[in-house]
Amino acid sequence: MHMGKTLLQKVWDLHTVRQLPTGQTQLFIGLHLVHEVTSPQAFDMLRGSRVGDPGGRSSRVLFPNRTFATVDHIVPTLDQRRPFLDVLAEEMISSLERNCREYGIPLYNIDSSSQGIVHVIGPELGLTQPGITIACGDSHTSTHGAFGAVAFGIGTSQVRDVLASQCLALEPMKVRRIKVTGPLAPGVYAKDVILEIIRRLGVKGGVGYAYEYAGDTIERMTMDERMTICNMSIEGGARAGYVSPDATTFKYLEGRQFAPQGDAFARARAWWTSMATDADARFDDEVVLQASEIEPNVTWGINPGQSVRISQRIPDPARAPATESAGIAEALEFMDFRSGQPIAGTRIDVAFIGSCTNARLSDLREAARIARGQHVAPHVKALVVPGSQGVRMAAEREGLDRIFVEAGFEWRGAGCSMCLAMNPDRLEGRQICASSSNRNFKGRQGSPTGRTLLMSPAMVAAAAIAGEVTDVRKVLEPVGVGS
Ligand code: SF4
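Because the structure is a prediction, the values reported are computed rather than measured. (Residues numbered from 1 in each chain as written. Predicted model: local features only at pLDDT ≥ 70, side-chain atom pairs only at ≥ 80, totals over all residues. Heavy atoms only, no water.)

### Observations regarding the packing of aromatic side chains
Taken as a whole and judged by the stated rule, the model has nine aromatic pairs. With 6.2 Å between their ring centres and 85° between their planes, Tyr 211 and Tyr 213 make a pair best called edge-to-face. Across the pair, Tyr 213 and Tyr 211 agree in class, each one buried. Taken together, the ring pairs connect Phe 250, Phe 265 and Trp 272 into an aromatic cluster. One Lys or Arg, Arg 66, reaches over the ring of Phe 63 and ends 5.6 Å from the middle of that ring. When the ring centre of Tyr 209 is taken as reference, the NZ or CZ atom of Arg 176 above it lies at 4.1 Å. (Phe/Tyr/Trp six-rings, centres within 6.5 Å; stacked < 30°, edge-to-face > 60°. Buried < 20%, exposed > 50% of the residue type's maximum accessible area, 1.4 Å probe, protein only. Lys NZ or Arg CZ within 6 Å of the ring centre and 35° of its normal.)

Structure (structure tokens):
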């Protein structure tokens, strides 16, 4: 009897080299994306290994034509002239330049119009395609699953493995389908959907799973929105997250630099279509969410699952399930919040619109819609950091930069910036930051005691102007606002 397959099963089967005695699968990796922070050590390890060593690794990059590099994590966003004032940034980028030259790897460097955050430029260049496997030394590689790719974040030694062998040893995964149905209300965005999913299923709820996002809400989403959803799969504990490819995916890819061209595109489209999850596929688990129940979400704690809807209050550890109460108490103490306190009205010090979750053109358009004709509150420092040079240039063509600058935001060069604060963009002391990024862990934004509230870019813009967390739905123009 024919049994339908999920996209994960199809991609996994097609990329399996062999089953390993450990129970893992040796999986071929179609595309390897590299950046300046997790690669220098991996290249050093590669140089240290030789054919015939116990691991069987060579000192060459096996598929330089499947390997692409960019600079994003540590690049300054204020002054990008070389040499950078930050000695460590200069060192890391020089090291990546040397490695790319030596091994024949294309590098989208700071002077390239294609430079940007690795998870933003992969799709922009058309490198990210349905039905392939992708690896990158950054947790949020799950972003690329929006295209129906199976994409994994990997550690430094695995970066070395992929450079040397183009393979990874991976545990098989189960698939949980997460269906979202119905229209999203104006002012409710993809970011709110994924924060809602993570809160409901927990930050460890996805361990052992890949998340397949489906349902008419997801089907109506643009590729930018699907990328926001898949990006944060890892924050829910899932190793990967994906959406089956469809007409929206193909339209996005058509004409992009590395996408197949002409007749080859038509052939690729037919194959990509065949990789979508079959209608009769079985899932290991299924969860259904109603979009109408979702409001703008804001995190109040120290992991992305500790969020509330904007109309709600911060929870009470005494009323929480036993497994959560200690975590809530720890978060309340760190954040200096009280249980029962409404999240709306929380005073902020910094507003950050950026990161591979939410720094694409559509994100900046929505934020600019809120910022237009307004002004950032006097006590707030506000930054807009485009996800790529491409986003930056497109936004400037539309005049979004002027809207932000006139409203008192700083308009920066492309990079990861305050998502992980490896460059000078960082919180100071106990500052509270309204942030469109993906992690609110202690110390994530540069200050060990700094506090991060995750939310959509439109919510960040609204908070920057009000000087406090506010419901973006109250400030949206009533007409023409989509999600
Ligand atoms: S923006 Fe943040 S999560 Fe995304 S690639 Fe950069 S550091 Fe990683």
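### As for the side chain of His 35
As for its position among the elements, His 35 is in the loop between strand E3 (31-34) and helix H2 (40-48). Overall, His 35 belongs to the buried group, its relative accessible area being 1%. Not counting residues up to four positions away in its chain, the partners in contact with His 35 are Thr 70, Asp 72, His 73, Leu 96, Cys 136, Gly 137 and Asp 138. (Helix = DSSP H or I, 4+ residues; strand = E, 2+ residues; numbered from the N terminus. Contact = heavy atoms within 4.5 Å.)

### A look at the site of the ligand
Surveying the vicinity of the ligand reveals the residues His 73, Ile 117, His 119, Asp 138, His 140, Ser 355, Cys 356, Cys 416, Cys 419, Leu 420, Asn 438 and Arg 444. Class assignment for the residues of the shell around the ligand results in five nonpolar, five polar and two charged. (Near = heavy atom within 4 Å. Nonpolar A, V, L, I, M, F, W, Y, C, P; charged D, E, K, R; others polar.)

### Some thoughts on the nonpolar core
Counting 57 residues, the largest nonpolar core has Trp 300, Ile 348, Leu 364, Phe 404, Phe 409 and Leu 453 as its most contacted members. Contributing elements (two or more residues each) for this core: helix H11 (322-335), strand E15 (350-353), helix H12 (361-371), strand E16 (381-384), helix H13 (389-398), helix H14 (400-406), strand E18 (432-435) and helix H15 (457-466). Of the residues forming this core, the biggest block, eight residues, is contributed by H15. In this structure Trp 300 touches Gln 306, Ser 307, Val 308, Ile 314, Pro 315, Ile 328, Ala 331, Leu 332, Met 335, Phe 337, Ile 343 and Leu 453, once residues within four positions along its chain are discounted. (Core = buried A, V, L, I, M, F, W, Y, C linked by side-chain atoms within 4.5 Å.)

### Some thoughts on the confidence of the model for the chain
When pLDDT is averaged across the chain, the result is 95; 96% of the residues are at 70 or more. Scored below 50 in pLDDT, residues 479-483 shows 14 contacts in the model against residues more than four places distant or in partner chains. (pLDDT = per-residue confidence, 0-100.)

### Considerations on the pairing of strand E19 (residues 451-454)
The two faces of E19 match: Arg 451 and Leu 453 on one face and Thr 452 and Leu 454 on the other face are all buried. By the bridge criterion, four bridges tie E18 to E19 in an arrangement that is parallel. By the bridge assignment, Ala 434 is partnered in E19 with Leu 453. (Pairing = 2+ DSSP bridges.)

### Things to note about the layout of surface pockets
Size it by volume and the largest pocket reaches roughly 570 Å³. For the largest pocket, the lining is made up of 20 residues, of which Asn 303, Gly 305, Gln 306, Glu 324 and Ile 328 are closest to its centre. For the lining of the largest pocket, the secondary structure elements donating two or more residues are helix H6 (190-201), strand E14 (307-309) and H11. Broken down by element, the residue count for the lining of the largest pocket peaks at four residues, all from H11. For the lining of the largest pocket, a count of residues per class yields eight nonpolar, seven polar and five charged. (1 Å grid on protein atoms, 1.4 Å probe; cavity = no way out; pocket = protein on both sides within 12 Å on 5 of 7 lines; lining within 4 Å. Points joined across faces, edges and corners; volume = space filled by probe spheres on them.)

### Examining H2
Where H2 is concerned, the buried positions are Pro 40, Ala 42, Phe 43 and Leu 46. Down the axis, H2 shows its buried residues gathered within 165° of arc, on one side only. Residues of H2 that are exposed and point over 90 degrees away from its buried face: Gln 41 and Gly 48. Those residues of H2 that are buried lie in contact with E3, helix H3 (87-103) and helix H5 (156-165). (Arc of directions from axis to C-beta.)

### Digging into the sheet that holds E19
Strand order in the open sheet made by the five strands is E17-E16-E15-E18-E19, with parallel pairing throughout. Both edges of this open sheet fall to strand E17 (410-411) and E19, since each of them pairs with a single strand only. Taken together, the four bridges between E15 and E16 define a ladder with parallel strand orientation. For Ala 351, the partnering residue across the bridge sits in E16 and is Ala 382.

### Considering the pattern of salt bridges
This model, assessed by the stated rule, comprises 26 salt bridges. Asp 161 is the partner of Arg 160 in a salt bridge, and the nearest nitrogen-oxygen pair spans 2.8 Å. Close ionic contact of Glu 330 with Lys 442 constitutes a salt bridge, the shortest N to O distance being 2.7 Å. Taken together, the positions of Glu 330 in helix H11 and Lys 442 in the loop between E18 and E19 put the pair 112 residues apart, joining distant regions of the chain. (Salt bridge = Lys/Arg side-chain N within 4 Å of Asp/Glu carboxyl O.)

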